[in-house]
Amino acid sequence: MSDTRKEQERDELHRAIWSIADDLRGSVDGWDFKNYILGIMFYRYISENLTNYINAGEIESGNADFDYTLLSDEEAKVAKDDLVATKGFFILPSELFVNVRKNAANDENLNETLEKVFHNIEESAKGTPSEEDFSGLFDDIDVNSNKLGATVAKRNDKLVKLLDGIGNMNLGNYQDNTIDAFGDAYEYLMSMYASNAGKSGGEFFTPQEVSELLTRIAVIGKTEVNKVYDPACGSGSLLLKSAKVLGKDNVRQGFFGQEINITTYNLCRINMFLHDIDYDKFDIANEDTLLSPQHWDDEPFEVIVSNPPYSIKWEGDDNPVLINDPRFSPAGVLAPKSKADLAFVMHALSWLATNGTAAIVCFPGIMYRGGAEKKIRKYLIDNNYIDAIIQLPDNLFYGTSIATCIMVMKKAKTDNKVLFIDASKECKKVTNNNKLTEENIAKIVDEVGTREDVDYFARLAPYDEIREQEYNLSVSTYVEQENTREVIDIKELNAQIEQIVARENVLRAEIDKIIKEIEG
């Protein structure tokens, strides 16, 4: 598909979402509204995904006119067990998006109908391997909420608008671009509301370009990997970037992530489905990663990408058990209670495969502060785990203007040096934010690959120098800033001043002469 056509489709999609938002404005707060639109989009997606799967199978068997949406529920039930085993879920024809939407305007109990449908979809996975992936998925779509309207009639009116708006979205031909369109709509919604998402506790939505950069760094030199992991996965954008960059079939054992916030955890699972990642190819958990990691049986991971929350509080040494935790004990000290940043770094390192790469967005303070953080940096450097530190431009993230860094870690480096990259100018300004362009990303990724010194941009610093700098890992300590001020030659300047003074004297003499003549 040509880029222009893709852009047109994307614009059309964004306009469709914006008009639904406009329709519902005033009754549903932006961030809550996102849950409704994503939930209903997800409902449409899995309805169509199941229908297309069944229809394709029947057509292949010679049943050319078959259409699952027209089947009776009784006829459909026969295939339920087989479908759950393959797809992970089941939907009766009467409960498919297209059929519920058809009757929506005349259904006085639309809210109850949708509640029942969502319940049945979750129930269909109960007691099967996909149960965990479907359990509670629709919890954030409260069809009886006062936010939708004060009365049942008003709520149903909003639900009809939602079903129609999402039903009218042009998501293209399934063989062609649908998955991208669903994923794209998701990402547009996330960025649309990221700025007013009440971003507290140092959590920020990771823009697409930062995800792209992190992922491309983590997969340098690889065309396939065993597993991808994000210990603070949010809505899953970083995990899905690996699927995009490598191709989802080249992540052999799938995508693993953990997320503490239940709403975001539900969004992450929905996001997996919307990007056509099957239920048996992802494992997303809902718990505190630092205190209750859920993937002990799945580590190590060949690719770890993450943008953990900046400077959040954690139990640290208030919890006597943590210093004996195999993830944290090697450094001999825990990250400070008021700043868990390096606890996430230690966790990621612990679960990284010997042949793997971890790329983590970090708050700059952890690179130079003293105390426990310095001791952890010493451990990381003395054991040669840090491959590169990249200083990013400020103002890249929605909701915060801080300049972040990327820490790249490996367990099997070929040298005992750390590459420092000053990418603080690698961006272009777009409205109030800075944005990494394709060229910026390529330049940084190439440098991580070649590890060559480049004036004012990158420097490969030997271990001894880092030790001399007392384990300070700030990029500015190692990469010289270019002096863009004009160099002034004093001798030449003095000569120019002399000429100006001489010329002034000549002019003065001439002016005096003219004045004398006038006064004459």
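As the structure is a prediction and not an experimental result, all values here were calculated from the model. (Residues numbered from 1 in each chain as written. Predicted model: local features only at pLDDT ≥ 70, side-chain atom pairs only at ≥ 80, totals over all residues. Heavy atoms only, no water.)

Participant: Describe the packing of aromatic side chains, and please don't skip the residues or the numbers.
Facilitator: Following the criterion strictly, the structure yields 17 aromatic pairs and no others. Between the aromatic rings of Phe-42 and Phe-138, the centroid separation amounts to 5.5 Å while the plane-to-plane angle is 40 degrees, which identifies the pairing as tilted. Remark: Phe-138 occurs in the loop between helix H7 (131–134) and helix H8 (152–167) and Phe-42 occurs in helix H2 (residues 30–60); sequence separation between them is 96 residues. Like Phe-138, Phe-42 is buried. Ring centres of Phe-89 and Phe-134 lie 5.4 Å apart, and the angle between their planes is 40 degrees; on these two criteria the pair is classed as tilted. (Phe/Tyr/Trp six-rings, centres within 6.5 Å; stacked < 30°, edge-to-face > 60°. Helix = DSSP H or I, 4+ residues; strand = E, 2+ residues; numbered from the N terminus. Buried < 20%, exposed > 50% of the residue type's maximum accessible area, 1.4 Å probe, protein only.)

Participant: Kindly report on the sheet that holds strand S2 (residues 255–258), identifying the contributing residues and their values.
Facilitator: Strand order in the open sheet formed by nine strands is S3-S2-S1-S4-S5-S7-S6-S8-S11, with mixed pairing between adjacent strands. Here the strands that pair on one side only, and so sit at the sheet edges, are strand S3 (282–285) and strand S11 (458–462). Strand after strand, the sheet turns through a mean of 15 degrees between neighbouring axes, direction not considered. Two strands pair when backbone bridges link them, and S2 and S3 are joined in this way by four bridges, in the parallel orientation. In the strand pairing of S3, Phe-255 is matched with Phe-282. (Pairing = 2+ DSSP bridges. Axes fitted to C-alpha atoms, helices over the stretch in contact; angles between N-to-C directions.)

Participant: Residues and numbers for the confidence of the model for the protein chain, please.
Facilitator: Of the residues in the protein chain, 91% reach a pLDDT of 70 or more, and the chain-wide mean stands at 88. Below pLDDT 50 for its whole length, residues 174–179 participates in 18 contacts with residues either more than four positions away or in separate chains. Confidence drops under pLDDT 50 across residues 197–202; counting only partners more than four residues distant or on other chains, this segment forms nine contacts. (pLDDT = per-residue confidence, 0-100. Contact = heavy atoms within 4.5 Å.)

Participant: Residues and numbers for unusual backbone geometry, please.
Facilitator: A cis geometry characterises the amide bond from Glu-299 onward to Pro-300, with omega recorded as 5 degrees. Inspection of the secondary structure assignment puts Pro-300 in the loop between S3 and strand S4 (301–306). The backbone of Ser-311 shows a phi angle near 50 degrees, a positive value even though the residue is not glycine. Mapped onto the fold, Ser-311 is located in the loop between S4 and helix H13 (341–350).

Participant: Would you mind going over the side chain of Lys-241 in detail, with residue names and values included?
Facilitator: In this structure, Lys-241 sits in helix H11 (residues 237–246). Among all residues touching Lys-241, those that are not within four sequence positions of it are Gln-208, Ser-211, Glu-212 and Thr-215.

Participant: I'd love a proper account of the packing of H13 against helix H14 (residues 371–382), names of residues and values included.
Facilitator: Running from N to C, H13 and H14 point in directions that differ by 25 degrees, and their axes come no closer than 11 Å. By the criterion of interaxial angle, the relationship of H13 to H14 is roughly parallel. Where H13 crosses over H14, the two elements pack in a sense that is left-handed. Across the interface between the two elements, Leu-342, Val-345, Met-346 and Leu-349 from H13 touch Glu-373, Ile-376, Tyr-379 and Leu-380 from H14. Its residues placed into classes, the contact of H13 with H14 shows seven nonpolar, no polar and one charged. (Parallel < 35°, antiparallel > 145°, perpendicular 65-115°, else oblique. Left-handed = near helix turned anticlockwise from the far one by under 90°. Nonpolar A, V, L, I, M, F, W, Y, C, P; charged D, E, K, R; others polar.)

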